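Residue-level structure breakdown
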Amino acid sequence: MGNGHEVVITGIGAVTPVGIGREETWRNLLAGRSGVGPVTAFDASALPTRIAAEVRGFDPAAYLDAKRVRRSARFSQFAVAAAREAVADAKLEIGQDNAARIGVVVNAAVAGFDTVETATRGLLDPSGPVTPNSYFVPSSLTNMPACETAIDLGAHGPVNASALACASGLYALLDARRLILAGEADAVVCGGTDAAITPVMFAGLVGMGAMSERNDDPQGASRPFSADRDGFVFGEGAVVMVVESAEHAARRGVTPYAAVAGGALTCDAFHISAPDPYGGHAAEAIGQALRRAGVQPGDLDYVCAHGTSTAANDVTETRAIRAALGPAADRVAVSAPKSMVGHLIGAAGSLGAMVCAMAIRDGTVPPTINLEVPDPACDLDYVPGVARRTGVRVAATNAFGFGGQNCVAVFSALE
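So, here is what we can say about the structure in this document. (Residues numbered from 1 in each chain as written. Predicted model: local features only at pLDDT ≥ 70, side-chain atom pairs only at ≥ 80, totals over all residues. Heavy atoms only, no water.)

For the rest of this paragraph, the subject is the overall build of the protein. Looking only at helices and strands, the protein features 13 helices and 15 strands. For the protein, whose C-alpha radius of gyration is 20 Å, the value lies close to the compact-globule estimate of 22 Å for 415 residues. Reported as C-alpha extents along the three principal axes, the dimensions of the protein are approximately 65 × 55 × 40 Å. A total of 415 residues make up the protein; the buried ones form 60% of that total. Once local pairs closer than 6 in sequence are excluded, the contacts in the protein between residues at least 24 apart make up 79%. Accessible surface computed for the protein: about 15,400 Å², of which carbon and sulfur atoms make up 53%. For the protein, the separation between the mean place of its 31 positive charges and that of its 42 negative charges on side chains is 3 Å. (Helix = DSSP H or I, 4+ residues; strand = E, 2+ residues; numbered from the N terminus. Rg over C-alpha atoms; globule rule 2.2 N^0.38 Å. Buried < 20%, exposed > 50% of the residue type's maximum accessible area, 1.4 Å probe, protein only. Contact = heavy atoms within 4.5 Å. Areas by Shrake-Rupley, 256 points an atom, 1.4 Å probe, with all protein chains shown as cover. Lys, Arg positive; Asp, Glu negative; His and termini not counted. Charge placed at Lys NZ, Arg CZ, Asp CG, Glu CD.)

Once that is clear, we can look at the packing of helix α3 (residues 74-89) against helix α6 (residues 144-153). Remark: α3 packs on α6, axes separated minimally by 9 Å, with the N-to-C direction vectors making an angle of 45°. Taken together, α3 and α6 sit at an angle that is classed as oblique. In this structure, α3 crosses over α6, and the sense of that crossing is right-handed. Residues Phe75, Ser76, Ala79, Val80, Ala83, Arg84 and Val87 of α3 form the contact with α6, whose participating residues are Met144, Pro145, Glu148, Thr149, Asp152 and Leu153. In the contact of α3 with α6, the residues fall into 8 nonpolar, 2 polar and 3 charged. (Axes fitted to C-alpha atoms, helices over the stretch in contact; angles between N-to-C directions. Parallel < 35°, antiparallel > 145°, perpendicular 65-115°, else oblique. Left-handed = near helix turned anticlockwise from the far one by under 90°. Nonpolar A, V, L, I, M, F, W, Y, C, P; charged D, E, K, R; others polar.)

It is worth spelling out α3 at this point. The end-to-end C-alpha distance of α3 is 23 Å, a good match for the 22 Å that 16 residues give at a rise of 1.5 Å each. In terms of burial, α3 is a largely internal element, 12 of the 16 residues being buried. Phi for Lys91, located one or two positions after α3, is positive at around 55°. (Expected span 1.5 Å × (residues − 1).)

Each aromatic ring pair is specified by the distance between its two centres and by the angle formed by the two planes. All told, the structure shown has 6 aromatic pairs when counted by the stated rule. Ring geometry for Phe42 against Phe202: centres 5.5 Å apart, planes inclined by 80°, an arrangement best described as edge-to-face. Here Phe42, found in the loop between β3 (37-38) and β4 (51-52), pairs with Phe202, found in helix α8 (residues 199-208); they are 160 residues apart in sequence, far enough to count as distant. When its relative accessible area of 0% is taken as the criterion, Phe202 is described as buried. Both rings, one in Phe58 and one in Tyr63, keep their centres 5.5 Å apart while their planes meet at 10°; by these two values the pair is stacked. Judged by its relative accessible area of 11%, Phe58 falls in the buried class. (Phe/Tyr/Trp six-rings, centres within 6.5 Å; stacked < 30°, edge-to-face > 60°.)

This paragraph deals with the pattern of salt bridges. With the rule as written, the count across this model stands at 24 salt bridges. Glu148 is the partner of Arg71 in a salt bridge, and the nearest nitrogen-oxygen pair spans 3.1 Å. You can see Arg71 sitting in helix α2 (residues 66-71) and its partner Glu148 sitting in helix α6, a full 77 residues away along the chain. Judged by its relative accessible area of 24%, Arg71 is partly exposed. Classification of Glu148 by relative accessible area gives buried; the value is 4%. Each of the salt bridges in this network shares a partner with another, and the network as a whole consists of Arg22, Glu23, Glu85, Asp89, Arg361 and Asp362. (Salt bridge = Lys/Arg side-chain N within 4 Å of Asp/Glu carboxyl O.)

In this structure, Ile9, Ile12, Leu173, Val188, Val243, Tyr302 and Phe411 are the most contacted members of the largest nonpolar core, which totals 53 residues. With 9 residues, helix α13 (residues 348-362) is the largest single contributor of residues to this core. With sequence-adjacent residues up to four places away left out, Ile12 is seen in contact with Arg22, Glu85, Ala86, Asp89, Val239, Val240, Met241, Tyr257, Met354, Ala357 and Met358. Ranked by size, the runner-up nonpolar core spans 33 residues in total, among them Ala324, Ala328, Val408 and Val410. (Core = buried A, V, L, I, M, F, W, Y, C linked by side-chain atoms within 4.5 Å.)

With 8 of 8 residues buried, strand β7 (residues 187-194) is to be regarded as a mostly interior element. Side chains Ala187, Val189, Gly191 and Thr193 project from β7 onto one buried face, and the interleaved Val188, Cys190, Gly192 and Asp194 project onto a second face that is buried too. As judged from the 6 bridges shared by strand β5 (residues 102-107) and β7, these two strands associate in the parallel manner. In the strand pairing of β7, Gly103 is matched with Val188. Where β7 lies against strand β8 (residues 237-245), 8 bridges are found, and the strand directions are antiparallel. Bridge assignment links Cys190 to a residue of β8, and that residue is Met241. (Pairing = 2+ DSSP bridges.)

The subject of this paragraph is the side chain of Asp276. Looking at the element boundaries, Asp276 is found in the loop between β9 (258-267) and α10 (280-292). Although Asp276 is buried, it forms no salt bridge, and the closest oppositely charged side chain is Arg319 at an N-O distance of 7.4 Å. Here Tyr278 takes part through its backbone nitrogen, which lies 3.0 Å from a polar atom of the side chain of Asp276. (Polar contact = N/O pair within 3.5 Å; in protein donor to acceptor, adjacent residues only side chain to side chain.)

Geometry only, nothing functional implied.
Shown next as structure tokens:
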């Protein structure tokens, strides 16, 4: 592994419930610290779920001037902040000589749901405004984090955004990889973002019976693979990376975290929200990603699981990993960061990519916290409770979304 045709990660930025910044987020993940707490974004007292994984202490004015703060939604603000950190980390200078060769792919699942809800409430209020904020329409669009990031960085190459529910953030990385391999860009700023902790979103998810109601124990609420899990914890945040060819990184004199060695996307084509319980198409995504990366199941050291803490997902994902890896499934470390940060929705998959890259860098994998009594149907090595120091040469992350979208990416160390 390690040639000039590889696509590598050279910069990472993060805004998450456990840290404003890449290194703070990573330290807290390794320490097993939860970012879940009582909802502060709105009054949730009437709801059966009153907890969330909120980003706390984020000041958009630290990144954007007053006009840009007014015109942008929270999910775009997260994306810009994370992108700036990623670009600085990659030591990527963008100017007239290279701006046309710098792309941006930032995906979101829920997009500007909060801005839509706020505008709707205002218009339905008899004492409210006749028209919403003039920036309401553009600020709520799915492509706006990518475009706001491009504006902020002055990037004039390909700019794209797509929505694959909870697989959105990881697919951005694979989309960016294709742009590099196709020669359409020299570097791409890519990742996922979402910020939709709102009354309507919570009411809708409560109606689905999807969220944990462990309100008296917020930090223990997200319990992937545990026998007593009762649903996922809704979160928010952004993780953005810089990817480029290994050759381009070498010319710039930067040291990559890891190579994005391969990936795959399949669809269950089964149900709008429930996974195929047999996990066959999720397993096919894992298998395809490994084959495209030139990796055998026995080469895989770590899987960053989707691990939502819902009854259906955790069992299905376990089955998929077993089906894809065969006997090697018993030897691979698997852990679920959602046990600490909740479900970041559009940013969940890009967080998984970050975890894989940093696990390769540091030779340490984060734990799955709150796993005290494993579900008998979830019988893999989930790294319970405490981070594990171990050599990580090859890692993969899973991101599964509503509609049956299964996205998997494989990462490898460079020689």
